[in-house]
Amino acid sequence: MVADLSQLVKAYDVRGVVPDQWDEPLAELFGAAFVQVTDADAIVIGHDMRPSSPGLARAFAHGATRRGADVTLIGLCSTDQLYYASGALDLPGAMFTASHNPARYNGIKMCRAGAAPVGQDTGLTTIRTLVEEWSQHGAPARTATARGTVTERDTLADYAAHLLGLVDLSGVRPLKVVVDAGNGMGGHTVPTVFAGLPLDLVPMYFELDGTFPNHEANPLDPANIVDLQARVLAEGADLGLAFDGDADRCFVVDERGEGVSPSAITALVAARELARNGGTGTVIHNLITSWSVPEVVRESGGKPVRTRVGHSFIKAKMAEHGAIFGGEHSAHYYFRDFWNADTGMLAALHVLAALGGQEGPLSGLVDRYDRYAGSGEINSTVDDQTARLAAIRAAYGDRDDVSLDELDGLTVTSTDWWFNLRPSNTEPLLRLNVEARDGETMEAVRDEVLALVRA
């Protein structure tokens, strides 16, 4: 029976429930297909702390070596540590993680050499087709090539050194920082990266545990940073940091226990990266980041470029424009000097450098970058995404005081507010983001659009 991978292979990665949707034999086929599609002689593989990750990674490696590729196993790592290994070793890479999903899930994030993304349009569709074809009888052996070798390598210290070489932390004052690793890979990377810095580190949930006994490793959900917010206040800390399960995203809490908008962090890091590059350069931002992001980029001498939501679009624009930095409102941060890949850890180091380089609190520092009232992302379950979007388009299409664009879903922009409504690729949802010059206007626009969406 041919496997149906339509629910497993997503736009940017492989992700599903183990063993219901996929298992080690299927992972082995993915390894073989990955080598064929990338035409790789050697690859690098890492994995997170989920109970199923080591076995899936080994099976993938087995499939790769059967196709003649040499495999470097870097073991436990964050996703950005795998990107580091792919860039530094110039090898295609595979990371076994389901990021912030519950424990029963697992997945594969794949990249070409230099951490270049593998998504639907850059090889993932072909990989899926091969795995489906081979699921009946197995992958054909590459008869003309000897079986590949497997070696192990620890890249954690080198990864930390590379990041620390990209941010000047020499003048940072002592800071007290609470870090919530959510039992994810931040508990593995933070102690090494922060080891030589003048920080009083208060660790929370650093024990690697892919069953997530304390809370989901998804800081985008406000419920999952409640513990961090309380601890920052209890400790009188200067700030708090929360990493997701595979530690490629970082969320920031200020000294008052208030969450800092990822758009404000994007603007702050953009200003610092532009200064580091002589006040010139291009910065990529997706269309749901705050108005403050392109404003700060222009004020700092840079050129903002707006793009769709999603890391494959950000990375493609980074490469196209030779951009120095890119940010998303989901707290993914991309750096030219990190092979255009995303690393929450490097963004965290920028925040520490900015805060530690002046005497004021974090709340005062980010005020200049957090200029508008935002709704955050609001999801609505709908029966027909296309029909609901069409209804919203019709409601606003004839108004003289707004402009519409459809770069990603529907964006409606007025003088004092904007909103974006876009469909989920994987669920029957419409995702709404609203921003306005004041909170009252934002709430009025939010409520008006939600009433139409949920009619």
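The following paragraphs examine the structure supplied in this document. Remember, it's a predicted structure, so these values are computed and weren't measured experimentally.

**Considerations on the sheet that holds strand 8 (residues 175-180)**
Sheet architecture is open: 5 strands sit in the order 9-8-10-11-12, paired in mixed fashion. The strands lining the two open edges of the sheet, one partner per strand, are strand 9 (199-204) and strand 12 (259-260). For strand 8 and strand 9, the ladder comprises 6 bridges, and the chain directions are parallel. Bridged to lysine 176 within strand 9 is aspartate 200.

**Concerning the pairing of strand 14 (residues 303-307)**
Sheet analysis places strand 13 (residues 282-286) next to strand 14, joined by 5 bridges and oriented parallel. For asparagine 286, the partnering residue across the bridge sits in strand 14 and is threonine 307.

**Concerning the packing of helix 8 (residues 262-276) against helix 9 (residues 292-299)**
Running from N to C, helix 8 and helix 9 cross one another at 15°; their axes reach a closest spacing of 9 Å. If you check the angle between helix 8 and helix 9, you find them roughly parallel. The interaxial crossing formed by helix 8 with helix 9 has right-handed handedness. Residue-level contacts link Ser263, Thr266, Ala267, Ala270, Ala271 and Leu274 of helix 8 to Ser292, Val293, Val296 and Val297 of helix 9. Residue composition of the contact of helix 8 with helix 9, by class: 7 nonpolar, 3 polar and no charged.

**Some points on unusual backbone geometry**
Residues valine 18 and proline 19 are joined by a peptide bond in cis, for which omega reads 5°. Turning to its location among the elements, proline 19 is positioned in the loop between strand 1 (14-17) and helix 1 (24-38). Its identity is not glycine, yet phenylalanine 212 carries a phi of approximately 50°, on the positive side. With respect to the secondary-structure elements, phenylalanine 212 resides in the loop between strand 9 and helix 7 (226-235). Positive phi, close to 60°, is recorded for asparagine 340, a residue that is not glycine. Within the element layout of this structure, asparagine 340 appears in the loop between strand 16 (333-335) and helix 11 (344-356). With a relative accessible area of 18%, asparagine 340 lands in the buried category.

**Observations regarding the nonpolar core**
Formed by 83 residues in total, the largest nonpolar core has its most connected members in Phe194, Leu239, Leu241, Phe243, Leu349 and Leu362. With 10 residues, the top contributor of residues to this core is helix 11. Non-local contacts of leucine 349, meaning those with residues more than four positions away in its chain, are made with Leu163, Leu164, Val167, Leu169, Val193, Phe194 and Leu197. Ranked by size, the runner-up nonpolar core spans 37 residues in total, among them Val9, Leu56, Phe60 and Ala139.

**Some words on the pattern of salt bridges**
Charged atoms that come close allow side chains of opposite charge to pair. Scanning the entire structure with this criterion turns up 25 salt bridges. The shortest N-O distance in the salt bridge between aspartate 405 and arginine 306 comes to 3.1 Å. Linking aspartate 405 in strand 19 (residues 403-405) with arginine 306 in strand 14, this pair joins segments that are 99 residues apart in sequence. We classify arginine 306 as partly exposed; its relative accessible area is 34%. One salt bridge in this structure joins glutamate 406 and arginine 393, with 3.1 Å as the shortest N-O distance. Here glutamate 406 is found in the loop between strand 19 and strand 20 (410-413), whereas its partner arginine 393 is found in helix 13 (residues 385-397), with 13 residues between them in sequence.

**Considering the side chain of serine 424**
Mapped onto the elements, serine 424 comes out in the loop between strand 21 (417-423) and strand 22 (429-436). Here serine 424 falls in the buried class, since its relative accessible area comes to 6%. Apart from the residues lying within four places of it in its own chain, the contact partners of serine 424 are Gln385, Leu429 and Arg431.

**Digging into the environment of alanine 181**
With respect to the secondary-structure elements, alanine 181 resides in the loop between strand 8 and helix 6 (186-193). With a relative accessible area of 0%, alanine 181 lands in the buried category. As for alanine 181 and proline 219, which are separated by 38 residues in sequence, their C-alpha atoms are 9.8 Å apart. Not counting residues up to four positions away in its chain, the partners in contact with alanine 181 are Gly186, Gly187, Met204, Tyr205, Phe206, Phe243 and Asp244.

**A short note on the sheet that holds strand 15 (residues 325-327)**
Note: strands within a sheet are paired through backbone hydrogen bonds, in either parallel or antiparallel orientation. Here 4 strands make up an open sheet; going across it, the order is 14-13-15-16 and the pairing mixed. Of all the strands in the sheet, just strand 14 and strand 16 have a single pairing partner and so form its edges. For this sheet, the mean angle separating the axes of adjacent strands, direction not counted, is 20°.

**A short note on the packing of aromatic side chains**
Each aromatic ring pair is described using two quantities: the centre-to-centre distance and the angle formed by the ring planes. Within the structure shown, the criterion is met by 12 aromatic pairs. On the numbers, 5.7 Å between centres and 45° between planes, the contact of phenylalanine 34 with phenylalanine 60 is tilted. Taken together, the residues phenylalanine 34 in helix 1 and phenylalanine 60 in helix 2 (residues 53-66) connect sequence positions 26 residues apart. Looking at phenylalanine 60, the relative accessible area reads 0%, which means it is buried. Judged by centre distance (6.4 Å) and plane angle (65°), the ring pair of tyrosine 84 and tyrosine 159 falls under edge-to-face. Residue tyrosine 84 is located in helix 3 (residues 79-89), and its partner tyrosine 159 is located in helix 5 (residues 156-164); the two are separated by 75 residues in the primary sequence. The buried category is assigned to tyrosine 84, whose relative accessible area is 10%. Feature note: the residues Trp22, Phe30, Phe34, Phe60 and Phe96 constitute an aromatic cluster, connected by ring pairs.

**Comments concerning the packing of helix 1 against helix 4 (residues 124-134)**
Relative to each other, helix 1 and helix 4 sit at 130°, their axes nearing to 9 Å. One finds that helix 1 runs oblique with respect to helix 4. As for how helix 1 packs across helix 4, the hand of that crossing is right-handed. Residue-level contacts link Leu26, Leu29, Phe30, Ala32, Ala33, Phe34, Gln36 and Val37 of helix 1 to Thr126, Ile127, Leu130, Val131 and Trp134 of helix 4.

**A few points about the environment of valine 35**
Its place among the elements puts valine 35 in helix 1. Its relative accessible area of 0% is what places valine 35 among the buried residues. Along the chain, valine 35 and serine 53 lie 18 residues apart, while their C-alpha atoms are 20 Å from each other.

Procedures and definitions
- Residues numbered from 1 in each chain as written.
- Predicted model: local features only at pLDDT ≥ 70, side-chain atom pairs only at ≥ 80, totals over all residues.
- Heavy atoms only, no water.
- Pairing = 2+ DSSP bridges.
- Helix = DSSP H or I, 4+ residues; strand = E, 2+ residues; numbered from the N terminus.
- Axes fitted to C-alpha atoms, helices over the stretch in contact; angles between N-to-C directions.
- Parallel < 35°, antiparallel > 145°, perpendicular 65-115°, else oblique.
- Left-handed = near helix turned anticlockwise from the far one by under 90°.
- Contact = heavy atoms within 4.5 Å.
- Nonpolar A, V, L, I, M, F, W, Y, C, P; charged D, E, K, R; others polar.
- Buried < 20%, exposed > 50% of the residue type's maximum accessible area, 1.4 Å probe, protein only.
- Core = buried A, V, L, I, M, F, W, Y, C linked by side-chain atoms within 4.5 Å.
- Salt bridge = Lys/Arg side-chain N within 4 Å of Asp/Glu carboxyl O.
- Phe/Tyr/Trp six-rings, centres within 6.5 Å; stacked < 30°, edge-to-face > 60°.

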